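Close look at the chain arrangement
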Amino acid sequence: MGKSQTDAGRRLRRTGRRGRAGASGLPAGRAKASGAHGYQTGYGNGYREGVQAGLQSFDTLFEGTSIIIPTYNQHDLLRRCISSIFRHTEPSYEIIVVDNGSTDGTADYLGSLGGAVRFRILERNIGFAGACNVGLMMAKGQTLMLLNNDTLVTENWLDNLLICLNSEPDIGLVGPMTNFISGEQQMAVPYTDIHDMQSFAADFNRSDPARWRETERLVGFCVMMRRELFLRIGYLDEGFELGNFEDDDLNIRVRLLGQRLMIAGDTFIHHYGSVSIRALGDGFSRIHSANERYYLDKWRGWQQWAVVGGAAQERLGEHGSLGLNEWFPSGVAVQAADASVYWIEDGQRRFVTGVLPFAAVRVSRIDLRRWPVGSPISAEEAAARWNGEGAGAVGGRRCSVALLPDGTAYHLEGDTIRRVLGPAALKGWNLHLKPLAEVPADALASLRQGPPIIAPLKLLQAL
C-alpha cells in the first residue's frame, strides 16, 4: 500500500512542477491548484488499491510464529521486551502488540518502530483476555504465542519452545521456565542483577528433551500453541475481568481435547512479574474474587470428566474437526458476529429462516465454522424442538432439562442425557429457559450418558 501511494505521489509531483513552469499554458495559481488536487486524487487511488490488496491477502498465513503481547501503561517494560525479541529471536516471526488504551506514550513508541511491529491501539482497557483475542484475530502465523509485556526473552528461546511443541502431535501448549511465577515453572536463578541474566540464559537454553516434563497447569505469561489447536479450542474467555484465571480456563479446554501441557525445562526467560496486578491496587481483591467465582461456576468438579477428553478425540473422526464443540449442547440456537442464526442439532448447524421467539447464544466465528452446514430449518420448527416437542418422559414428566434433588442439571438430547457442568453452562446456553422438571436421581438410570456440557466462552471483540 505504501509503495502505491509513494509512486503515485512522485508522478503527480512531477506533473505539478511542469505545470508551474508554464508547460500547461495555465496561470501559475491554477496550475498549483490543479497539482494539489491531482496529488490528493492519486493518493486516494493508491490508498484504495492498498486496502484492496490488504483485504485480498488477509487470510494469507506464514510458516512462523505470531508473538502476541497485550500491554497497558508499561511503556518502558514493553520497549525492553520488544528489544529482547529483536535481539534474540531467529525463526520466522511477527510481533503483534495490542494496547489497552495506555496513556503513557505507548502508542507513540509503537508508531516510531516503522512497521517492525504490527499493533492495535484500543480506546479503553478490555483486559488481558480481550487484548489477546484481538491479537489472535490479527495473527498470521501457523504458531501462536501469548507473551506478557513484563518479560525479557533470551537466546534460543523460540527455537527451543518450537522443538518441544512440534515433537509430538498431542502436545497442545508449551511454556518455559522463569524466575518469578506461581507453580512448577518457577526456578531459582543465580543472578541478582538483570545485566547478568542473558549470560545465564545463554548457557541454560541448550535444547534437551530430557528436561521437558508434562504438567497440569501452564501459567499464561508465555504460552505457545499451534494454530490447528487454536481453531479447535477458540479464543480466551473474556468473562474473566481484566486478568487472572483465563489461563487456567485455557488449560482445561486444551486438556478436554486430550492434548498435553508441557514445560520446556530447557528454556528460560526473565519475568518481572505481577506488574499489571500491582497497578490495580485495592481493586485486585475484588477482581480476583469475581474471576474465581466465574471460574468455579464454569469448572467445579471438571476433573472427573477429564478422561473423556481421549474419547472426544476419537469421535472427531466421525464428525470432522468439531474440536471443543463436542462439549457444546445440541438443540440450541447460536449466532456469530453477523445477523445469521443457526440451529445446532446432531453435530450440524442449520440456518434458521424466520425469527425465533428466544435469543440465540453468541459464539465466535471459529466455533461456528466447526459445525458442518446442514439443511435450513424454519423458526417455527426450531422453536418447537427448543420447547421439547417429541421429547420423551423422564420420571413421568416431559422436559428438556432434568434437575436432580441436589441441583445437578442434565440436558436431554434424544435418548442421551448430558450433565450441564455448572451454572455458567446452564445460563450461558440459555438452557435454564427450556422446559425444566425436577426428577429423582434414579429416573435417569436407563438413559445413555453423553459427554458433559461446558459453558460457551464470552467473546466481545471483533475486527
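Residues numbered from 1 in each chain as written. Predicted model: local features only at pLDDT ≥ 70, side-chain atom pairs only at ≥ 80, totals over all residues. Heavy atoms only, no water.

The next point concerns the overall build of the chain. In terms of regular secondary structure, the chain is built from 15 helices and 22 strands. Looking at the chain as a whole, 51% of its 463 residues are labelled buried. Pairs at least 24 apart in sequence give 78% of the contacts found in the chain among residues at least 6 apart. (Helix = DSSP H or I, 4+ residues; strand = E, 2+ residues; numbered from the N terminus. Buried < 20%, exposed > 50% of the residue type's maximum accessible area, 1.4 Å probe, protein only. Contact = heavy atoms within 4.5 Å.)

Applying the stated criterion across every chain yields a total of zero disulfides. In this structure Cys-222 is a free cysteine whose sulfur lies 9.3 Å from that of Cys-81, the closest cysteine sulfur available. A residue is classified by how much of its surface remains accessible, and Cys-222, at 0% relative accessible area, is buried. (Disulfide = S-S within 2.5 Å.)

Our next topic: the environment of Glu-94. Mapped onto the elements of the fold, Glu-94 is located in strand E2 (residues 93–99). Taking the C-alpha atoms as reference points, Glu-94 and Ala-116, 22 residues apart in sequence, are found 8.4 Å from one another. For Glu-94, the contacting residues outside a window of four places in its chain are Phe-62, Thr-65, Ser-66, Ile-67, Arg-118, Met-138, Ala-139, Lys-140 and Gly-141. Polar contacts involving the side chain of Glu-94 include one to the side chain of Arg-118, which spans 3.0 Å. (Polar contact = N/O pair within 3.5 Å; in protein donor to acceptor, adjacent residues only side chain to side chain.)

Okay, the nonpolar core next. In terms of nonpolar packing, the biggest core is built from 87 residues, with Val-334 and Trp-429 touching the most fellow members. Element by element, the count of residues in this core is highest for helix H5 (residues 127–138), at eight residues. Sequence-distant contacts of Val-334, defined by excluding residues within four places in its chain, comprise Ser-340, Val-341, Tyr-342, Ile-344, Ala-360, Val-361, Val-363, Leu-368, Trp-371 and Trp-429. The next biggest cluster of nonpolar side chains, apart from the first, holds 32 residues, and it includes Cys-81, Val-97, Met-145 and Ala-264. (Core = buried A, V, L, I, M, F, W, Y, C linked by side-chain atoms within 4.5 Å.)

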